[in-house]
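Commentary on secondary and tertiary structure
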Amino acid sequence: MGINLAEEIQQRVTDYQIDHEHDPSEENMEALLEDAVESITDSSDAITDMRNFDVYASVLKHAKDVPAPLITKLLDSLVSGFQAEFDATVKDIKDDEQHGGQKHKEPLEHYAFLFYWFVAAAEDVKADDVTPATPVKPRKGRGGKAAKGASRTASKKDGDKWSWADQIPQTLGLMCRILRQLKTERVWSISSEREAFLTCITNPVYDIAQKESHMKQADIKQNVLRVICLAVKYQGHGVVAQTKIFSNLQFQEHLADPMADCLSILEKEFDHPQLADNILLDLSRHTFSEKETKGPRIFSRFIIRFSETLPAHTLKQISLILEQLDSEAYPIRLAVVEIIHNLVVHLDALKRHQEIDENQATKQINGFFDLLLERALDVSTYVRAKVLNVLARLCTIRDNKYYKKRLKITAMAVASLEDKAAGVRKNAIALLIALLKTNPYNARDGLLEEEDWKDDLEKTRVKMENMGLGDAVGRRNNPLQEQQADEEARKERQKKRDDGAMDVDDATDVEDEETEKGAEEEEEEGEEEDKDEQTRDEEEAEPDDMAVDEDGAPQPKKPSKKTKKKKGKKRRNGLKPRQSILDIDQINRHIAETKLNELEVTKLVAEYRYRHEGLSFIEMLEGSSETMVKLLASVNKTEVLEAIEFYLIASNFKLKLAKVGIKQMLHLIWQKDSGTLTSEDGQEIKGIRSKLLECYHWLYFEGEDTEAPPKLIAKNLIELTFDADLAHLTSLEEMLRIMMAEKKVNYGVIETLWKIYSVSKLIPKVQRRGAIVVISMLALADHTILHDHVDELLKVGFGKLGKLDLTLARYTCVALQRLNGSVKKVKGSLEDKTLRFDMNHYVFKTLRKFILLPCKSKEWFGVAEQIINTVYALGEHPDVFCNAIIKELTRMAFTPREPAGNVDADTQMADPDATQDEEQKDVEDEPDPMDEDHPDKGKDLGDAFVLSQLLFVVGHVAIKQLVFLELAEREMKRQRDSDAAAQGGQASKEVEELDQVVGNAEDDVGDQMAHIREHELLYGDRSLLKLFGPMLIHICSRTKKYKNPTLKAAATLSLSKFLCVSSQFCGDHHLLLFKLLELSDSPSIRSNIAIALGDVAVSFSTIIDENSHELYRGLSDKDLVVKKNTLMVLTHLILNGMIKVKGQLGEMAKCLVDENERIKGLAELFFKELSTKENAIYNNLPDVISHLSTGDHSVEESHFHNIMTHIFRYIEKDKQTENIVDKLCQRFHLTQDPRQWRDIAFCLSLLPYKSERSVKKLIEGLPHYRDKLHEPDVYDKFNQILVKARQNKGAGKPDTELNEFAVILEQNKEQGEQDNALEQRVQGKKAAAKRRANKRNAAAASAGTTAPTRATTRSKRRQAETVEEEDDDGLS
């Protein structure tokens, strides 16, 4: 009995009805299978015996319950029998082609059906231990002979596990032979039966392919692909394969690459490209939804792989692929971009090997470049990033015919630096790096110095003018403006592009870019240029909409009626081809008229064009400087790393922006390299600090091949200090400290620095200063480099050179302070390894002598500060030194002044910066009392500048003495611990018991030091500082009397330091500091006070907290420095909890919209850090809204929106959202100001509404705002809230409540509009009635004056009589 194969394969294995089914739980399946195997062994067609067939079918149906050895034996039997029957069929067909195969139809169907079932059941077989199965004897065909190659040993050895994967390769190998050699049309004359047989063969293969673990094995994968290829090639399986492959690509992600490889094998080995064409056609017609994720991703991988393996075929069918260029699914657009890259590389390779027409290849590549530039405006950040990545990889194509494209690409990359997505910006930087590395502008040894290129271009232009070609030189345009115009044109084209048409500019921008070569090359390039110009003129007349020809080249479509109508309109809209910088026709006419040497003209024209485009390239890169510097501060790690790499490469080409960037990126040294990242190619990404150190080491410590000589390194390091501000020097110090600690600085460099510092001959001041600055920075890591050079420091820094250059003396003091090193003390540790000298040491004698030298330079204050710091860092009793200094300065300050001519020039310091102090002088309306021609000069008994010096020293000594007391306290505790340890455990136990009774000794030490600080330093009878407190109060409180700006600044600074010493002094006089902040007209004094108030707040927060609102005064200061310092101080105090915010956070919020980017950035950083504090922003949000929306502190509505948009991004918790909604809704009821309605509605629209409760709160608050909905902006904001709520609503939940709310809003809006209109009409009528009444009164009054009646006269007379009578009554 036969089987109907087409029907049987539709049933599931477990549901199949077997006539004589055998149950493994009731029968001995091994014996039954053994008998069936023996039958098959004798004759392969015995499978048609239903008794044998039912045994095989029963084993497969109950595969889960059958031991694994039986499955192994069954498979061996099936494969051997199938192969024997196949061999017999092939032999019989060969003998009798017409009828030889038909008698094998039924056995082949039975074997195919069992094979089909076996694959379905094989995955369910348990992996039990397999005992050696009885070897299956070789099957015999109908002739009784054993089939060749049919014998097979057991596939498993003792102890092996059952594994279907191990059996697949040989099984698929049999399928390959069957599909390759069996002429199925000779066996099955009916196509449906033939297709059923092929389905039994191929469907199991597709099932195997759907399991990812199988396709990871190379032998299985290769056999699966070959089965499909053989079925398509020899069995007419193309249509089915097309459907199966397309279906699998929608769901099986692991089949993307294998299916592309399958099509490649089919074309390369079997010469059958039709299947690939059909699949690409289906792909072009398929619509991918934006919400799909898996399907588009699979197809993306598939077509990318296809283009890699078959680039020529892809090029021919590119028109089908480009149909998906505007697909909603961005992975498909990503794939198209990658395919374009593969095709450009393919075309370039063909052109280099001269396997394709050069002009055709150039035209195609230009078309693809235009597509990439257009796709750079894609709405998806992934696509934009991919375009930039692809263009970076295509920079290796350095054909001079693409120079113009390189300029467009450069301009696009520069514009992409401002993209909102970090991934796009990162790839834009990588593209600029690639463009720089592969740039063709090597006329000046590869350097890209803008000024040099401008000079060369001008010289070339002059040459052309001398030859009479000046009129042919076009005007240079800004390349960034040209790029902007091109982008606008592309956007316009994209809007107007017809569906399904490809918008590609053809060869309009293709211009040969000649370089300076030999005469023959220049002549050939000139001829090609003329041809290209003629070609360009012809192509510019063609429409923009392009198709693709059979060779893959973008070709003009035949303009349809719709396109022809639009053609004129496009030209009118400004979509004109880009103009060349040279008028070629003008040049040709001039050559013909003047009979010039055509070769020389061609060479000159090529030179001008080359230099013009090189300069444009440089200008575009230089134009990115400001944006690139901002990217160094990005929170995205990879973006910062790319920016560092860019500046490193740019420095090699001598670009100006490299200096700015390299200096700016030094601040990245404070970044912490925590965690590891991996790039897209799987490589580990370095940390930012590591990359920075590597970059600086390469720039300043290495030569071209090896480490640079010490002199060059020293020179590089010194130059880093030139024009450096404090922040830059601090970052440089940290970087050099790390390098020194890591032994990356050669000691030869240090010796060179010492030689530069101590050289006797005159050198620029900045060099000597830079040398000691670098030395002091390196000493932070290794202070031993200073020990042998103390004499040099004193001789140079405080000798003749130091007197002439006070900045040098100041830096020398800093170096001396590093003699002790900078070992970071462990928190809580009392150990102190500080090295201190006796006060009779010659270092202190030199410092004392230097600080007391007469000096009139403001540089003295910086030197004095560092001298005092040095004494407190190195001296055992610094108070002794400072006591003597203060007394001597007091004597100098209050001694009557001598005439200027009596001062010995050898005993005073020079004023080296007398002509350079303008930047540091305070602007004063009144004349400076220090000036000799001041009217009150003669009244002063002493020198105001010397008094300023005295007060400055007093203030700094007070604050340093406070620090010294803390060190003394720690030393006393350390000695106590040492003594306790020396006494032993018993003594320690006794001390502990005593401490429990009388208190801890450590507390006594702390109390003693606190008493000295509070009552001795500024109020003690023996305290020298006590004398100066009243003096400071007297001077600071009488600013109109003491007008000298230096004196006022010094007194204010010292007063601030005194306030930090004693809480008593602070409590008595801190209000004076606030008064000075309010009234002072000096920005430097106000700035110092802002900083000082921060220090005072840290020391005595309870005192300052009472007047904390005064701290915010500086935020509204006109001076930028005052505002910045105030903002930084408040940031520190608020974030560290030193002051409480009492509604003044709105003033901080105003800085978010400050015009200065620095202020704006600091404010953004403040709110970002504040958001990490628990509910800090949420708790103060109502006060901020009130502060900015109404009252004297309110801001413009646009600024309010910007501020709130930034602040509300930190409101993320659902509970916070619900409470804010409730509070804001209630505010509607409390105000009648439309401006506040709009502000409240705007704030409501900024909330996320992720929970249903927040929406419910909004609906519940309807009574508060229902009468405000007639205001258009308010109603619009509530509509925006509805849209946001619908987007956040869970899937499957109805919109009933939201829809009802929308209807209610609309109804209340209409009612409000009607009420408002009615009120306006009533008001209008009242006003009209009032006007009419006024007119009547006016008319009556006018009539009364012109014609008075007798009655009126009598009335007046009676009134007068009445008044007289009243007066008489009053008298009586």
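The next point concerns the pattern of salt bridges. Evaluated as defined, the whole model comprises 43 salt bridges. We note a salt bridge from Glu 308 to Arg 305, for which the minimum N-O separation is 3.9 Å. Of this pair, Glu 308 and Arg 305 both sit in helix α14 (residues 294-309), three residues apart, which is roughly one turn of that helix. In this structure Glu 308 comes out as partly exposed when scored by relative accessible area, which is 42%. Residue Arg 305 is classed as partly exposed on the basis of its relative accessible area of 29%. Between Asp 456 and Arg 611 there is a salt bridge, and its shortest N-O distance comes to 3.6 Å. Pair noted here: Asp 456 is in helix α22 (residues 450-466) and Arg 611 is in helix α27 (residues 598-623), with a separation of 155 residues, a long-range link. No difference in accessibility class separates Asp 456 from Arg 611, as the two residues are buried. The network of salt bridges with shared partners includes Arg 444, Asp 452, Asp 456, Glu 607 and Arg 611.

Counted under the stated rule, the structure contains 25 aromatic pairs. Centre to centre, the rings of Phe 82 and Tyr 111 are 5.6 Å apart; their planes meet at 10 degrees, and the pair counts as stacked. Residue Phe 82 is found in helix α4 (residues 68-95), and its partner Tyr 111 is found in helix α5 (residues 105-122); the two are separated by 29 residues along the sequence. Here Phe 82 matches Tyr 111 in class, with each residue buried. Grouping aromatic residues by their ring pairs yields a cluster made of Tyr 441, Trp 453, Tyr 610 and Phe 617. Geometry around Phe 952 places Lys 1057 over its ring, the cationic atom sitting 5.3 Å from the centre. Sitting over the face of the ring of Tyr 1275, Lys 1309 holds its NZ or CZ atom 4.5 Å from the ring centroid.

Bringing the packing of helix α3 (residues 50-61) against α5 into the picture now. Here α3 crosses α5 at 15 degrees, and the two axes come no closer than 10 Å. In terms of orientation, α3 and α5 fall into the roughly parallel class. When the axes of α3 and α5 are compared, the crossing they make is left-handed. Together, Met 50, Phe 53, Tyr 56, Ala 57 and Leu 60 of α3 and His 110, Phe 113, Leu 114, Trp 117, Phe 118 and Ala 121 of α5 make up the contact between the two elements. In the contact of α3 with α5, the residues fall into ten nonpolar, one polar and no charged.

Rules of the game
Residues numbered from 1 in each chain as written. Predicted model: local features only at pLDDT ≥ 70, side-chain atom pairs only at ≥ 80, totals over all residues. Heavy atoms only, no water. Salt bridge = Lys/Arg side-chain N within 4 Å of Asp/Glu carboxyl O. Helix = DSSP H or I, 4+ residues; strand = E, 2+ residues; numbered from the N terminus. Buried < 20%, exposed > 50% of the residue type's maximum accessible area, 1.4 Å probe, protein only. Phe/Tyr/Trp six-rings, centres within 6.5 Å; stacked < 30°, edge-to-face > 60°. Lys NZ or Arg CZ within 6 Å of the ring centre and 35° of its normal. Axes fitted to C-alpha atoms, helices over the stretch in contact; angles between N-to-C directions. Parallel < 35°, antiparallel > 145°, perpendicular 65-115°, else oblique. Left-handed = near helix turned anticlockwise from the far one by under 90°. Contact = heavy atoms within 4.5 Å. Nonpolar A, V, L, I, M, F, W, Y, C, P; charged D, E, K, R; others polar.

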